[in-house]
Amino acid sequence: MKKVFIETYGCQMNEYDTELVKSILTQHDYGITPHEADADVVMLNTCSVRDNANRKIYNRVHEIRHGRTSPVLIGVLGCMATNFKTALLENKRLGIDFIAGPDSYKQLPTLISDVENFGEKQFDVTLSEFETYSDVSPNRSDSVNAWIAIMRGCNNFCTFCVVPYTRGRERSRSPENIVEEVKKLVADGFTQVSLLGQNVNSYRHEETDFTDLMRVVSDVPGVKRIRFTSPHPKDFPRKLLQLMAERDNICKQIHLPLQAGNTRVLDKMNRTYSKEEFLDLVTEIREIMPDVSLSTDIIVGFPTETDAEFEDTLDVVNQVRFDMAFMFKYSERPNTLAARRLKDDVPETEKTRRIVTLTDAQRLIFLEKNRALIGKTMTVLIEDSATKKSSTDVKGRTDCNRIVILPQGDYDKGDYVQVLITDATSSVLIGEKGLLSAS
Ligand code: SF4
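None of the values given here were measured: they were computed from a predicted structure.

S.K.: Residue-level account of the overall build of the chain, with values.
M.R.: When its secondary structure is counted, the chain shows 14 helices and 22 strands. In terms of overall dimensions, the chain has a C-alpha envelope of 65 × 55 × 50 Å along the principal axes. Taking as baseline every contact in the chain between residues at least 6 positions apart, the subset at least 24 positions apart corresponds to 72%. Accessible surface computed for the chain: about 18900 Å², of which carbon and sulfur atoms make up 50%. Put simply, the chain has 57 plus and 65 minus side-chain charges, and the middle of one group is 3 Å from the middle of the other.

Pasting the structure below:
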């Protein structure tokens, strides 16, 4: 039995795809090994969202190729496979044997055997209008949270983003197929499911939209927590917010990617909403769910963004006071609309000044908001029976997706625990020993 080692980079969708690839390969009599040195085939499931992500892969392939004495086949999967097909295959120094795009993972067994049989590089980066892997049951590595990809692809074409080119057009699985998977997961002991998609809330299968899907998933007995990511602010109908408020098992946590705070820049990004529309949506969300936790994604230094326009981003951040944020400097991506139309004209030093200013402002807000929870008792789902820093502490998450560190007790991974919050930093809450609770 040939052994395969898979290394995953980038977003949650890539993590999920790796679980799909493991399932497809084991169905074709491949073994999965956690050790690269033991593998006959090494696959890198790549991200192409920023330049350093690509450079990391070139170095890693070189390292594997030149660090091995035994023969090994090297394959590149994911968004780099689609975005850099020619460069990857023609780069003799790297010696990549095969590449497969995000819609071609069912071809992997054939690609590998063709490399072996014909000794030639193989590739399949076809983008599919139909492939949703709805007939593949992922080999899940996490036992507490089950990711479920309900749709694939993206039709939004934000000008800074490669995803529409590397993952193709949107297509959704049937609600019956998804509910069947949720029921199986509950039977396997999962109580939390996270619905996944590049643009998750634009889910649509015939007459069923995202709100309808959330309702039928929430109706499945035994599901105690439902999360979803990554949504687009344009797809938050009031009925979805009302359903979230009504249902105890839908977590009161929304990831709401802002990207930038200035309307002219948002227009250049093709985000389809203005600063005011984003703020109005936040007001509506908080009217319906006052305790909701909001997280976001922000890019600073997008082409042509002025200092004053960056101040608009800071203004939104200070008005909204997000509970969590992922903040990045603009990185030009080949083949994106921005790369083709706009010059990357914000100096690197200025990008750095803006990202430092933004992260400092955010860190203060996180700290204030986390410290406001000291003295509260919160329900925590235990995720890890130890933390990186201490073997006597465990880690878990609140409904609003905050990380809580607490002492070990008569509870374990998958348990719900009532925890009194005693301290907080800008990134985690600290709790007392918890009390096991039903949910
Ligand atoms: S919504 Fe925009 S940023 Fe998100 S995956 Fe689609 S194109 Fe990319």
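Following the structure, the description resumes.
S.K.: Hey, could you go over the environment of Leu367 for me, with residue numbers and the actual values?
M.R.: By secondary structure assignment, the location of Leu367 is in helix α14 (residues 348-371). Separated by 50 residues in sequence, Leu367 and Val317 have C-alpha atoms that sit 14 Å apart. Not counting chain neighbours up to four residues away, the residues in contact with Leu367 comprise Ala424, Thr425 and Ser426.

S.K.: Please give an account of the domain arrangement of the chain that cites residues and values.
M.R.: Domain annotation of the chain identifies domain 1 (3-124), domain 2 (145-371) and domain 3 (377-436). In this structure, domain 1 and domain 2 have C-alpha centres spaced 29 Å apart. Carbon and sulfur atoms supply 52% of the area buried between domain 1 and domain 2, which totals about 1700 Å² over both sides. Across the domain 1-domain 2 interface, the total number found is three salt bridges. Where Arg167 meets Asp17, a salt bridge forms, and the shortest distance between an N and an O atom there is 3.1 Å. There are eight residue pairs in polar contact (both at pLDDT 80 or more) connecting domain 1 and domain 2. For the side of domain 1 that touches domain 2, the elements supplying multiple residues, two or more each, are α1 (12-27), α2 (51-67) and α3 (79-83). Per-element tally for the side of domain 1 that touches domain 2: the top contributor is α1, with six residues. For the side of domain 1 that touches domain 2, the residue count by class is seven nonpolar, six polar and four charged.

S.K.: Quick one: what's the story with the site of the ligand, residue by residue and with numbers?
M.R.: Around the ligand, a shell composed of Cys154, Asn156, Phe157, Cys158, Phe160, Cys161, Val163, Pro164, His232 and Arg271 is seen. The class makeup of the residues in the shell around the ligand is seven nonpolar, two polar and one charged.

S.K.: If you had to explain the sheet that holds strand β13 (residues 225-229) to someone new, which residues and values would you point to?
M.R.: The strand order β7-β10-β13 describes an open sheet built from three strands, whose pairing is parallel. In this open sheet, the two strands that pair with only one neighbour each are β7 (145-149) and β13. Each strand axis lies, on average, 25° off the axis of its neighbour in the sheet, ignoring direction. The sheet contact formed by strand β10 (residues 192-196) and β13 spans five bridges and is parallel. Residue pairing in the sheet places Gln192 in a bridge with Arg225 of β13. Contacts from helix α7 (residues 175-187) reach β7 and β10, with the element oriented near 165° to β7. Packing against the sheet, helix α8 (residues 210-218) makes contact with β10 and β13, and its axis sits at approximately 155° to β13.

S.K.: How would you sum up the pattern of salt bridges? Please name residues and give values.
M.R.: A complete count under the given rule lists 37 salt bridges for this structure. For the salt bridge of Arg363 with Asp360, the shortest nitrogen-to-oxygen distance reads 3.4 Å. Of the two residues, Arg363 and Asp360 are both situated in helix α14; the distance of three residues between them amounts to about one turn of the helix. The exposure class of Arg363 is partly exposed, given its relative accessible area of 44%. For Asp360, a relative accessible area of 39% corresponds to the partly exposed category. Through salt bridges with shared partners, a single ionic network connects Glu7, Glu36, Arg60, Glu63 and Arg68.

Definitions and cut-offs
- Residues numbered from 1 in each chain as written.
- Predicted model: local features only at pLDDT ≥ 70, side-chain atom pairs only at ≥ 80, totals over all residues.
- Heavy atoms only, no water.
- Helix = DSSP H or I, 4+ residues; strand = E, 2+ residues; numbered from the N terminus.
- Contact = heavy atoms within 4.5 Å.
- Areas by Shrake-Rupley, 256 points an atom, 1.4 Å probe, with all protein chains shown as cover.
- Lys, Arg positive; Asp, Glu negative; His and termini not counted.
- Charge placed at Lys NZ, Arg CZ, Asp CG, Glu CD.
- Domains from an automatic or database assignment.
- Buried area = accessible area lost by both parts, 1.4 Å probe.
- Salt bridge = Lys/Arg side-chain N within 4 Å of Asp/Glu carboxyl O.
- Polar contact = N/O pair within 3.5 Å; in protein donor to acceptor, adjacent residues only side chain to side chain.
- Nonpolar A, V, L, I, M, F, W, Y, C, P; charged D, E, K, R; others polar.
- Near = heavy atom within 4 Å.
- Pairing = 2+ DSSP bridges.
- Axes fitted to C-alpha atoms, helices over the stretch in contact; angles between N-to-C directions.
- Buried < 20%, exposed > 50% of the residue type's maximum accessible area, 1.4 Å probe, protein only.

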